[in-house]
Amino acid sequence: MGVTMKPSGRSFGRPGGWQHADVPDATDAGDWFGGRLPDSWFEGTASIEVDREEIVVVGTLPTEEGSSPAATEGRIARFREGTRAERMQIADEAEKRYGRKVAWGVRTDSEVVLFTHLAVPVMTRLRQPERRVLDTLVDAGVARSRADALSWAVKLVGEHTQDWLDELRGAMSTVDELRKKGPSV
(Lines give C-alpha, C1' and ligand atoms only; values in the text may rest on other atoms or scores of the structure.)
Protein backbone atom coordinates (compact mmCIF):
# COMPACT_ATOMS: atom_id res chain seq x y z
CA MET A 1 0.00 0.00 0.00
CA GLY A 2 1.44 3.38 -1.01
CA VAL A 3 1.40 6.67 0.81
CA THR A 4 -0.81 9.40 -0.60
CA MET A 5 1.34 12.41 -1.32
CA LYS A 6 0.49 16.08 -1.59
CA PRO A 7 1.72 17.93 -4.69
CA SER A 8 4.52 19.30 -2.48
CA GLY A 9 5.80 15.75 -1.96
CA ARG A 10 4.77 15.48 1.69
CA SER A 11 2.40 12.82 2.92
CA PHE A 12 -1.02 13.66 4.37
CA GLY A 13 -1.91 13.59 8.06
CA ARG A 14 0.04 13.14 11.23
CA PRO A 15 2.43 12.27 12.89
CA GLY A 16 2.54 15.91 13.66
CA GLY A 17 3.08 17.03 10.10
CA TRP A 18 5.48 19.82 9.21
CA GLN A 19 5.09 21.50 12.58
CA HIS A 20 6.79 18.59 14.36
CA ALA A 21 9.50 17.96 11.78
CA ASP A 22 12.47 19.49 13.59
CA VAL A 23 11.33 19.33 17.21
CA PRO A 24 13.05 16.74 19.42
CA ASP A 25 10.84 14.25 21.24
CA ALA A 26 9.94 15.45 24.75
CA THR A 27 7.79 12.57 25.98
CA ASP A 28 10.25 11.97 28.84
CA ALA A 29 10.39 15.64 29.93
CA GLY A 30 8.30 15.01 33.05
CA ASP A 31 10.66 12.25 34.15
CA TRP A 32 13.73 14.32 33.32
CA PHE A 33 12.53 17.35 35.30
CA GLY A 34 11.38 15.05 38.12
CA GLY A 35 14.93 13.76 38.44
CA ARG A 36 16.60 17.14 37.87
CA LEU A 37 14.61 19.50 40.11
CA PRO A 38 15.77 19.88 43.73
CA ASP A 39 13.43 18.08 46.15
CA SER A 40 13.32 21.13 48.43
CA TRP A 41 11.73 23.47 45.88
CA PHE A 42 8.16 22.20 45.70
CA GLU A 43 5.56 20.20 47.57
CA GLY A 44 5.00 17.08 45.53
CA THR A 45 5.81 16.76 41.87
CA ALA A 46 5.94 19.78 39.58
CA SER A 47 3.57 19.78 36.62
CA ILE A 48 5.28 19.80 33.23
CA GLU A 49 3.42 20.96 30.12
CA VAL A 50 5.09 20.64 26.73
CA ASP A 51 4.13 22.03 23.35
CA ARG A 52 6.13 22.65 20.17
CA GLU A 53 7.81 25.83 21.42
CA GLU A 54 7.90 25.70 25.20
CA ILE A 55 8.08 23.58 28.34
CA VAL A 56 6.27 25.10 31.32
CA VAL A 57 7.31 23.89 34.78
CA VAL A 58 4.93 24.77 37.63
CA GLY A 59 5.54 23.60 41.19
CA THR A 60 3.50 24.05 44.35
CA LEU A 61 5.11 26.17 47.06
CA PRO A 62 4.75 24.86 50.62
CA THR A 63 1.52 26.01 52.27
CA GLU A 64 1.67 28.56 55.06
CA GLU A 65 -1.58 28.66 57.02
CA GLY A 66 -3.21 32.04 57.42
CA SER A 67 -0.72 33.93 55.28
CA SER A 68 -1.93 37.21 53.84
CA PRO A 69 -1.90 37.94 50.11
CA ALA A 70 1.15 40.16 50.68
CA ALA A 71 2.98 37.35 52.50
CA THR A 72 2.16 34.94 49.64
CA GLU A 73 3.42 37.48 47.12
CA GLY A 74 6.62 37.78 49.17
CA ARG A 75 7.10 33.98 49.26
CA ILE A 76 6.73 33.86 45.47
CA ALA A 77 9.26 36.69 45.01
CA ARG A 78 11.69 35.00 47.44
CA PHE A 79 11.43 31.72 45.54
CA ARG A 80 11.83 33.42 42.17
CA GLU A 81 14.94 35.36 43.17
CA GLY A 82 16.48 32.66 45.36
CA THR A 83 16.28 29.97 42.67
CA ARG A 84 16.97 32.11 39.60
CA ALA A 85 20.54 30.95 38.89
CA GLU A 86 19.73 27.27 39.35
CA ARG A 87 16.48 27.52 37.35
CA MET A 88 18.37 29.14 34.48
CA GLN A 89 21.01 26.38 34.56
CA ILE A 90 18.28 23.69 34.48
CA ALA A 91 16.49 25.57 31.70
CA ASP A 92 19.70 25.71 29.61
CA GLU A 93 20.17 21.95 30.01
CA ALA A 94 16.54 21.26 29.08
CA GLU A 95 16.65 23.62 26.08
CA LYS A 96 19.66 21.74 24.70
CA ARG A 97 17.97 18.39 25.32
CA TYR A 98 14.46 19.22 24.06
CA GLY A 99 14.94 22.14 21.67
CA ARG A 100 12.32 24.25 23.45
CA LYS A 101 12.36 27.26 25.76
CA VAL A 102 11.60 26.61 29.43
CA ALA A 103 9.22 28.76 31.46
CA TRP A 104 8.74 28.56 35.21
CA GLY A 105 5.85 29.17 37.55
CA VAL A 106 4.58 28.45 41.03
CA ARG A 107 1.25 27.42 42.47
CA THR A 108 0.06 28.60 45.88
CA ASP A 109 -3.18 28.00 47.73
CA SER A 110 -4.95 30.68 45.75
CA GLU A 111 -3.19 31.16 42.41
CA VAL A 112 -0.72 30.14 39.74
CA VAL A 113 1.96 32.68 38.88
CA LEU A 114 3.99 32.18 35.72
CA PHE A 115 7.36 33.86 35.45
CA THR A 116 8.66 34.85 32.01
CA HIS A 117 7.02 32.70 29.35
CA LEU A 118 6.53 32.75 25.61
CA ALA A 119 3.74 34.45 23.72
CA VAL A 120 4.06 32.86 20.29
CA PRO A 121 2.62 34.64 17.24
CA VAL A 122 0.18 32.52 15.28
CA MET A 123 -0.75 33.37 11.73
CA THR A 124 -4.30 32.85 10.58
CA ARG A 125 -6.54 33.98 7.77
CA LEU A 126 -10.01 35.07 8.74
CA ARG A 127 -12.94 35.93 6.57
CA GLN A 128 -15.11 38.93 7.28
CA PRO A 129 -17.60 37.19 9.63
CA GLU A 130 -14.74 36.03 11.89
CA ARG A 131 -13.03 39.43 11.73
CA ARG A 132 -16.31 41.09 12.69
CA VAL A 133 -16.48 38.91 15.82
CA LEU A 134 -12.98 40.02 16.80
CA ASP A 135 -13.76 43.66 16.00
CA THR A 136 -16.92 43.50 18.13
CA LEU A 137 -14.85 42.27 21.10
CA VAL A 138 -12.38 45.11 20.52
CA ASP A 139 -15.11 47.74 20.10
CA ALA A 140 -16.84 46.51 23.28
CA GLY A 141 -13.61 46.86 25.26
CA VAL A 142 -13.30 43.12 25.94
CA ALA A 143 -9.96 43.11 24.12
CA ARG A 144 -7.41 45.74 23.11
CA SER A 145 -6.74 44.33 19.66
CA ARG A 146 -7.76 41.57 17.27
CA ALA A 147 -4.84 39.52 18.59
CA ASP A 148 -6.09 39.93 22.19
CA ALA A 149 -9.63 39.10 21.08
CA LEU A 150 -8.45 35.93 19.36
CA SER A 151 -6.43 34.94 22.43
CA TRP A 152 -9.47 35.57 24.66
CA ALA A 153 -11.66 33.44 22.39
CA VAL A 154 -9.16 30.57 22.39
CA LYS A 155 -8.94 30.67 26.22
CA LEU A 156 -12.72 30.67 26.49
CA VAL A 157 -13.07 27.68 24.17
CA GLY A 158 -10.31 25.88 26.08
CA GLU A 159 -12.04 26.45 29.43
CA HIS A 160 -15.37 25.15 28.17
CA THR A 161 -14.09 22.18 26.20
CA GLN A 162 -11.15 20.97 28.33
CA ASP A 163 -12.48 17.40 28.72
CA TRP A 164 -13.03 17.10 24.99
CA LEU A 165 -9.58 18.55 24.21
CA ASP A 166 -7.95 16.10 26.67
CA GLU A 167 -9.79 13.20 25.01
CA LEU A 168 -8.72 14.44 21.56
CA ARG A 169 -5.06 14.72 22.65
CA GLY A 170 -5.25 11.17 24.03
CA ALA A 171 -6.70 9.89 20.77
CA MET A 172 -3.97 11.63 18.75
CA SER A 173 -1.34 10.07 21.00
CA THR A 174 -2.86 6.63 20.41
CA VAL A 175 -2.82 7.19 16.64
CA ASP A 176 0.86 8.21 16.82
CA GLU A 177 1.72 5.06 18.78
CA LEU A 178 -0.16 2.86 16.30
CA ARG A 179 1.61 4.56 13.42
CA LYS A 180 5.00 3.84 15.02
CA LYS A 181 4.09 0.14 15.33
CA GLY A 182 2.92 -0.08 11.72
CA PRO A 183 4.99 -0.93 8.67
CA SER A 184 7.61 1.60 7.62
CA VAL A 185 7.06 3.43 4.36
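Keep in mind that this is a model prediction, so the values were computed, not measured.

Conventions used here
Residues numbered from 1 in each chain as written. Predicted model: local features only at pLDDT ≥ 70, side-chain atom pairs only at ≥ 80, totals over all residues. Heavy atoms only, no water. Helix = DSSP H or I, 4+ residues; strand = E, 2+ residues; numbered from the N terminus. Buried < 20%, exposed > 50% of the residue type's maximum accessible area, 1.4 Å probe, protein only. Contact = heavy atoms within 4.5 Å. Areas by Shrake-Rupley, 256 points an atom, 1.4 Å probe, with all protein chains shown as cover. Patch = residues over 30% accessible without salt bridge, like charges linked within 9 Å, V, L, I, M, F, W, Y side chains within 5 Å. Salt bridge = Lys/Arg side-chain N within 4 Å of Asp/Glu carboxyl O. Core = buried A, V, L, I, M, F, W, Y, C linked by side-chain atoms within 4.5 Å. Axes fitted to C-alpha atoms, helices over the stretch in contact; angles between N-to-C directions. Parallel < 35°, antiparallel > 145°, perpendicular 65-115°, else oblique. Nonpolar A, V, L, I, M, F, W, Y, C, P; charged D, E, K, R; others polar. Pairing = 2+ DSSP bridges.

Caption draft 1: Representation of the overall build of the protein chain in the model. Along the protein chain, the regular secondary structure elements total six helices and four strands. The helix and strand sequence of the protein chain, counted from the amino end, reads α-β-β-α-α-β-β-α-α-α. Going through the 185 residues of the protein chain one by one, you find that 22% of them count as buried. In the protein chain, once contacts between residues fewer than 6 apart in sequence are set aside, the share between residues at least 24 apart is 53%. By element, 53% of the accessible surface of the protein chain is carried by carbon and sulfur atoms, the whole surface being about 13500 Å².

Caption draft 2: Representation of a nonpolar patch on the surface. On the surface, a nonpolar cluster with roughly 260 Å² of combined accessible area is contributed by Leu118, Val120 and Val122. Along the chain, valine 122 falls in the loop between β4 (112–114) and α4 (128–139). Owing to a relative accessible area of 67%, valine 122 belongs among the exposed residues under this scheme.

Caption draft 3: Representation of the nonpolar core in the model. In terms of nonpolar packing, the biggest core is built from 21 residues, with Phe33, Leu37, Val57, Val102 and Trp104 touching the most fellow members. Sorting the residues of this core by element identifies α1 (29–36), β2 (54–60), α2 (69–82), α3 (84–98) and β3 (101–107) as the ones contributing at least two each. By residue number, the principal contributor to this core is α3, which donates four residues. Residue contacts for leucine 37: discarding those within four places in its chain leaves Phe42, Ala46, Val57, Ile90 and Trp104.

Caption draft 4: Main features of the environment of lysine 96. Assignment of secondary structure puts lysine 96 in helix α3. Judged by relative accessible area, lysine 96 falls into the exposed class, the value being 75%. With 72 residues separating them in the primary sequence, lysine 96 and proline 24 have C-alpha atoms 9.8 Å apart.

Caption draft 5: Looking closely at the pattern of salt bridges. Under the defined criterion, the tally for this structure stands at ten salt bridges. Residue arginine 75 is joined to glutamate 64 by a salt bridge in which the shortest nitrogen-to-oxygen separation is 3.6 Å. Of the two residues, arginine 75 is situated in helix α2 and glutamate 64 in the loop between β2 and α2; the sequence distance between them amounts to eleven residues. With relative accessibility at 37%, the residue glutamate 64 sits in the partly exposed group.

Caption draft 6: Highlighting the packing of α4 against helix α5 (residues 146–160). Two elements in contact, α4 and α5, have axes whose closest approach is 9 Å; the angle formed by their N-to-C orientations is 100°. Here α4 lies roughly perpendicular to α5, going by the angle between them. Taking contact as the criterion, the partners of Arg131, Leu134, Asp135, Leu137 and Val138 in α4 are, on α5, Arg146, Ala149, Leu150 and Trp152. Within the contact of α4 with α5, the residues separate by chemical class into six nonpolar, no polar and three charged.

Caption draft 7: Representation of the sheet that holds β3 in the model. Across the sheet, four strands lie side by side as β1-β2-β3-β4; this open sheet has mixed pairing. Looking at strand neighbours, the two that pair on one side only are β1 (43–50) and β4, the edges of this open sheet. Ignoring strand direction, the axes of neighbouring strands in this sheet form an average angle of 20°. Of the strand pairs in this sheet, β3 and β4 are connected by three bridges, and their pairing is antiparallel. Opposite valine 106, over in β4, you have valine 113 as the bridge partner. Taken strand by strand, α1 contacts β1, β2 and β3, and its axis lies near 145° from that of β1.

Caption draft 8: Representation of the pairing of β2. With six of seven residues buried, β2 lies mostly within the body of the structure. With five bridges connecting them, β1 and β2 associate as antiparallel partners. Counted as the bridge partner of glutamate 49 is valine 56 from β2. Connecting the antiparallel pair β1 and β2 is a turn made up of three residues. Bridge count for β2 against β3 is seven bridges, and the pairing is parallel. The residue of β3 that forms the bridge with valine 56 is alanine 103.

By themselves, these observations are geometric and do not establish any function.
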